[in-house]
Amino acid sequence: MSSPPFLAACRRQPVPYTPIWIMRQAGRYLPEYRRVRSRAEFAALLRDPALAAEVTLQPLRRFPLDAAILFSDIMTPLSGMGVDLSFEPGPVVAEPIRTDAAIDALAPLVPERDVPFVLESIRLVRAGLAPQVPLIGFAGGPFTLLCYLVCGRPSKEFGAARSFLYSNPAAAERLLDRLADAMAAYLSAQARAGAQALMLFESWAGLLAPREFERFALRAVRRTVAALRTAGVPLIYYVNQGSALMECVADLAVDVIGVDWRSALGAVRRRLGPGKAVQGNLDPAALFASPEDLRELAGRVLDEAAGAPGHIFNLGHGIWPETDPDAVARLVDHVHERSARSAAAGSSGR
Ligand code: CP3
């Protein structure tokens, strides 16, 4: 059996059509998700494998998506490391981590012992998912996790986290190393449980200038990625607001770079070089365009990425809760149909 288009695209192999999945595809824009949420708090949902698996599968029942992504949160494993965490709805850390003592108090993560419910969710999703649809496991990038741990809650500028990098760089590096090792353990446990690709979300990469991105965020991610070399599954690094950072990630040992909507994929590909697949990058707001305009906008993303194998269609960031599910249905169909026509034209013309 040939490999599913999502996995083939991750490895820059030719595909019969461009695979598509959508960041936050399981979530509040779906009425069936809101029905589950009316019975269970978000934090409880994360820890309940049957409910987490159900919610993960919901978008796959509606749309012919090319991958599933586990329903969880980037902060979930931190609760397994002793962090007192709540969601209001953004993540809130009761005691922000700003001292050496607080860093030392972070326990190493043993996923099977500390977050068994995540691994059980993965096994349940795998059992309920069509064999041809891969499941993506994920974690937060160490720097993005540091932002929440040091600030204690979501913030526009994450000033406390950024000033921590400058006021106590040695402590910041130590915290990042701990997080890097914990996320390596977490992701490899997800792969053993059945995840067929692994994604690291660096949602706050865009806060950093290239030098600080290299010194803090990328150094830590390299440590995670090096430990995952033997996992045997494609790795995706999502670099939100990373248009100034593409040269920095070109030699990172991942298969795919996830790209936000602010840069054109053609330019991104030129800066990354031939060794990386790209994932993205339609503006989530484009789902509010008229059907004709949405087709045009999606076509532009496909055209930008064309010319080399290795494109996974996605939004540039998570889908908005206000989005009409019918717009998602039209987007998925259009991406499949238009890219299948180009693939057929390309191969018959050769
Ligand atoms: O729309 C929903 O799905 C609501 C459920 C929800 C999630 N996280 C799902 C999630 C809620 C309430 C949270 C809490 C949370 N965690 C917030 C507030 C979210 C909100 O919209 O109110 C935030 C900002 C976080 C931190 C976080 N979680 C980040 C930065 C990321 C990485 C992706 C990104 O948006 O940059 C996550 C991952 C995440 N949260 C996933 C899910 C289902 C996994 C990724 C995916 O499905 O694509």
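Scope of this entry: the structure provided in the associated data block. Model, not experiment: these values are computed from the prediction.

1. Examining the packing of aromatic side chains
How two aromatic rings sit relative to each other is given by the distance of their centres and the angle of their planes.
Moving on, step 1. Applying the stated criterion to the full structure yields 8 aromatic pairs.
Moving on, step 2. Arranged with centres 5.4 Å apart and planes meeting at 85°, the rings of Y148 and F158 form a pair that is edge-to-face. Here Y148 is found in helix α9 (residues 142-151), whereas its partner F158 is found in the loop between α9 and α10 (159-167), with 10 residues between them in sequence.
Moving on, step 3. Overall, the relative accessible area of 9% leaves Y148 in the buried class.
Moving on, step 4. A relative accessible area of 0% places F158 in the buried class.
Moving on, step 5. A connected cluster of aromatic rings, assembled from ring pairs, spans Y33, F42, F71 and F87.
Moving on, step 6. Looking at R262, its charged tip hangs above the ring of W261, at a distance of 3.9 Å from the centre.

2. Things to note about the sheet that holds strand β5 (residues 197-202)
Moving on, step 1. Reading across the sheet, the 7 strands line up as β1-β4-β5-β6-β7-β8-β9 and stay open at both edges, with parallel pairing between neighbours. Each edge of the open sheet carries a strand with a single partner, namely β1 (68-69) and β9 (311-315).
Moving on, step 2. Pairing between strand β4 (residues 135-140) and β5: 5 bridges, direction parallel. Opposite G137, over in β5, you have L198 as the bridge partner.
Moving on, step 3. On the sheet, helix α12 (residues 210-227) packs against β5 and β6 (235-239) and is oriented at approximately 165° with respect to β6.

3. Description of the site of the ligand
Moving on, step 1. Residues in contact with the ligand amount to 21 residues; listed here are only the nearest, R24, R28, D73, S203 and H317.
Moving on, step 2. At 2.5 Å from an oxygen atom of the ligand is found a side-chain nitrogen or oxygen belonging to S203.
Moving on, step 3. Protein contact buries 89% of the 840 Å² of open area that the ligand shows by itself.
Moving on, step 4. Judged by the fraction of its atoms near the pocket grid, the ligand is located in the largest pocket.
Moving on, step 5. When its residues are assigned to classes, the shell around the ligand shows 13 nonpolar, 5 polar and 3 charged.

4. Remarks on the nonpolar core
Moving on, step 1. Counting 130 residues, the largest nonpolar core has F6, L146, F213, Y237 and L331 as the members making the most contacts within it.
Moving on, step 2. In terms of residue count, helix α11 (residues 169-193) provides more of this core than any other element does, 13 residues in total.
Moving on, step 3. Residue contacts for F6: discarding those within four places in its chain leaves P19, W21, D66, A67, P134, I136, A197, I236, Q279 and I312.

5. A few points about the pairing of β5
Moving on, step 1. Counting buried positions over the 6 residues of β5 gives 6, a clear majority of the element.
Moving on, step 2. Of the two faces of β5, the one lined by A197, M199 and F201 and the one lined by L198, L200 and E202 are each fully buried.
Moving on, step 3. In this view, the connection linking β5 to its parallel neighbour β6 by way of α12 has right-handed handedness.

6. Describing the environment of L106
Moving on, step 1. Here L106 is to be found in the loop between α6 (100-105) and α7 (111-114).
Moving on, step 2. A relative accessible area of 4% means that L106 is categorised as buried.
Moving on, step 3. Sequence separation between L106 and R178 is 72 residues, and the spatial gap between their C-alpha atoms is 8.2 Å.

7. Things to note about unusual backbone geometry
Moving on, step 1. Looking along the chain, the bond that leaves E88 and enters P89 is cis, with omega of -10°.
Moving on, step 2. When you line up the elements, P89 lands in the loop between β2 (85-87) and β3 (91-93).
Moving on, step 3. Despite not being glycine, R12 has its phi angle at roughly 60°, a positive value.
Moving on, step 4. Locating R12 in the fold gives a position in the loop between α1 (5-10) and α2 (31-37).

8. Observations regarding the layout of surface pockets
Take a probe with the size of a water molecule and roll it over the atoms, and the empty space left behind shows itself.
Moving on, step 1. Estimates place the volume of the largest pocket at around 1300 Å³.
Moving on, step 2. Every residue lining the largest pocket is counted, 42 residues in all, and those nearest its centre are R24, R28, D73, H317 and G318.
Moving on, step 3. If you list the elements that add at least two residues to the lining of the largest pocket, you get α2 and α3 (42-46).
Moving on, step 4. Of the residues forming the lining of the largest pocket, the biggest block, 3 residues, is contributed by α2.
Moving on, step 5. Residue composition of the lining of the largest pocket, grouped by class: 25 nonpolar, 10 polar and 7 charged.
Moving on, step 6. In this structure, the second largest pocket encloses a volume near 540 Å³.
Moving on, step 7. Along the wall of the second largest pocket there are 22 residues; nearest its centre are V15, T18, A308, P309 and A343.
Moving on, step 8. If you list the elements that add at least two residues to the lining of the second largest pocket, you get α15 (291-305) and α16 (325-349).
Moving on, step 9. Tallying contributions element by element places α16 first for the lining of the second largest pocket, with 6 residues.

9. Some remarks on empty space enclosed by the protein
Moving on, step 1. Tallied over the entire structure, the rule returns 1 cavity of 30 Å³ or more.
Moving on, step 2. Taken as a whole, the largest cavity spans an internal volume of roughly 40 Å³.
Moving on, step 3. If you trace the largest cavity, you find it lined by P291, L294, R295, A298, R330, L331 and H334.
Moving on, step 4. Secondary structure elements with two or more residues in the lining of the largest cavity: α15 and α16.
Moving on, step 5. No other element matches the 4 residues that α15 contributes to the lining of the largest cavity.

Definitions and limits used
Residues numbered from 1 in each chain as written. Predicted model: local features only at pLDDT ≥ 70, side-chain atom pairs only at ≥ 80, totals over all residues. Heavy atoms only, no water. Phe/Tyr/Trp six-rings, centres within 6.5 Å; stacked < 30°, edge-to-face > 60°. Helix = DSSP H or I, 4+ residues; strand = E, 2+ residues; numbered from the N terminus. Buried < 20%, exposed > 50% of the residue type's maximum accessible area, 1.4 Å probe, protein only. Lys NZ or Arg CZ within 6 Å of the ring centre and 35° of its normal. Pairing = 2+ DSSP bridges. Contact = heavy atoms within 4.5 Å. Axes fitted to C-alpha atoms, helices over the stretch in contact; angles between N-to-C directions. Near = heavy atom within 4 Å. Polar contact = N/O pair within 3.5 Å; in protein donor to acceptor, adjacent residues only side chain to side chain. Areas by Shrake-Rupley, 256 points an atom, 1.4 Å probe, with all protein chains shown as cover. 1 Å grid on protein atoms, 1.4 Å probe; cavity = no way out; pocket = protein on both sides within 12 Å on 5 of 7 lines; lining within 4 Å. Sits in = over half its atoms within 2 Å of the grid points. Nonpolar A, V, L, I, M, F, W, Y, C, P; charged D, E, K, R; others polar. Core = buried A, V, L, I, M, F, W, Y, C linked by side-chain atoms within 4.5 Å. Right-handed = clockwise from strand over helix to strand, strands pointing away. Points joined across faces, edges and corners; volume = space filled by probe spheres on them.

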